[in-house]
Amino acid sequence: MQHAGLQSRLTIVTWNASALFCSHFAAPAAAKAKMTRYMQLLRGADIVGIQEAHGHAGDLTTLSREAPSHIHFGSFSTSPAAGGVLLSLRNEFVDGINTFEELVLSPGWCLALRCTGTSIAVQFICIHIEPALAYAGKLKLLADIISCSTNFAGSTFLLGDFNFVHSDEARFSVADCRDINGDSRLADKFEALFCAFSELHQANYTRKQVTRGVVSTLSRLDRIYTNIQPCLLHDM
């Protein structure tokens, strides 16, 4: 995708890291592998959104030292062993930005970052819909995101782990080798609220559910959307 201010390609990725930080709670090999994977994403992308980073605000200082190719923003929950969302922006992208505004829509679960410059106004919203959050709470969070987008004079990218599939999609049961449908209420509400957004679609499954050491289901929970008009997206 073209960056209007820099006239270059803009690459965006999202990843649920399942505890990027708090490595002392994890096996050393697993902790190292996750950080290595994160560094690989940084090398290949201008904008990286991370969910379930865990940790606390002090970890942003560590990232500034260990990953100086990007600048890092984050929101963390009260428990360092839950939540945690990050947005990392490549330095070359940041060179075209004059001001940053962070809006925490849900501490540790949803962060909006508004970036404005002389030739660009873009907002990145990193979200992780908490599975345990009540249905009414999920609807309120989605409504807050729409309000945040509507009140911003620029383009919005919404990326993250939504923890539901689209109403016209299903989870794939590996054991039964078939699609299985579930409760689509949240998907229906999302599609009605975000009718002006287009998905930057990729068809591959992004999540595997492991039950008793065996992969039970596959699903496409991690997605990226934007409210840039489709006719403009086609030209990028």
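Cut-offs and rules
Residues numbered from 1 in each chain as written. Predicted model: local features only at pLDDT ≥ 70, side-chain atom pairs only at ≥ 80, totals over all residues. Heavy atoms only, no water. Pairing = 2+ DSSP bridges. Helix = DSSP H or I, 4+ residues; strand = E, 2+ residues; numbered from the N terminus. Axes fitted to C-alpha atoms, helices over the stretch in contact; angles between N-to-C directions. Contact = heavy atoms within 4.5 Å. Expected span 1.5 Å × (residues − 1). Buried < 20%, exposed > 50% of the residue type's maximum accessible area, 1.4 Å probe, protein only. Arc of directions from axis to C-beta. Phe/Tyr/Trp six-rings, centres within 6.5 Å; stacked < 30°, edge-to-face > 60°. Lys NZ or Arg CZ within 6 Å of the ring centre and 35° of its normal. Polar contact = N/O pair within 3.5 Å; in protein donor to acceptor, adjacent residues only side chain to side chain.

Side note on the sheet that holds strand 14 (residues 207-211)
Here four strands make up an open sheet; going across it, the order is 12-11-15-14 and the pairing antiparallel. Two strands bound the open sheet, and with one partner strand each, they are strand 12 (178-180) and strand 14. Across the sheet, the axes of successive neighbouring strands diverge by a mean angle of 35°, strand direction being ignored. Direction of pairing for strand 11 (residues 171-173) relative to strand 15 (residues 214-219): antiparallel, over a ladder of two bridges. Counted as the bridge partner of F172 is L218 from strand 15.

Structural notes on the side chain of H54
When you line up the elements, H54 lands in the loop between strand 4 (47-51) and helix 2 (59-66). H54 has contacts with A19, F21, C22, F76, P80, A81, A82, G83 and G84, leaving out every residue within four places of it along the chain.

Considerations on helix 1 (residues 28-44)
Working note: α-helix, 3.6 residues per turn, so residues spaced by three or four point in the same direction. Along its 17 residues, helix 1 runs 25 Å from first to last C-alpha, staying within 8% of the 24 Å computed at 1.5 Å per residue. Every buried residue of helix 1 is listed here: A31, Y38, M39, L41 and L42. Around the axis of helix 1, the buried residues are gathered within 155° of arc, so they sit on the same side. With respect to the buried face of helix 1, the exposed residues turned more than 90 degrees away are A29, K32, R43 and G44. Buried positions along helix 1 lie against strand 3 (12-16), strand 4, helix 2, strand 5 (70-75) and strand 6 (85-90).

Remarks on the packing of aromatic side chains
By convention here, two paired aromatic rings are described through the distance between centres and the angle between planes. Taken as a whole and judged by the stated rule, the model has eleven aromatic pairs. Taking 5.3 Å as the distance between ring centres and 40° as the angle between the ring planes, the aromatic pair formed by F73 and F100 counts as tilted. With F73 in strand 5 and F100 in strand 7 (residues 99-106), this residue pair connects regions lying 27 residues apart in the sequence. Members of the aromatic cluster, each reached through a chain of ring pairs, are F162, F164, F190, F194, F197 and Y225. In this structure, R223 packs its charged tip against the face of F164, placed 5.1 Å from the ring centre.

Some words on the side chain of S173
Looking at the secondary structure, you find S173 in strand 11. Here the side chain of S173 touches D176 through a polar contact of 3.3 Å, side chain to side chain. Every residue in contact with S173, bar those within four places of it in the chain, is listed here: R178, I180, S216 and T217.

Comments concerning the pairing of strand 15
A regular strand carries its side chains on alternate faces of the sheet. With five bridges connecting them, strand 14 and strand 15 associate as antiparallel partners. In the sheet register, R207 faces strand 15, and the bridge partner there is S219. In this structure, the hairpin formed by strand 14 and strand 15 is closed by a connection of two residues, where R212 is found at a positive phi of approximately 50°.

Regarding helix 4 (residues 135-150)
Between its terminal C-alpha atoms helix 4 stretches 23 Å, which fits the 22 Å expected from 16 residues at 1.5 Å a residue. Within the sequence span of helix 4, burial applies to K138, L141, L142, I145, I146, C148 and S149. Seen end-on, helix 4 carries its buried residues on one side only, within an arc spanning 160°. Those residues of helix 4 that are exposed and aimed more than 90 degrees away from the buried face are A136, K140 and T150. Residues of helix 4 that are buried sit in contact with strand 7, strand 8 (110-116), strand 9 (121-128), strand 10 (155-161) and helix 5 (185-193).

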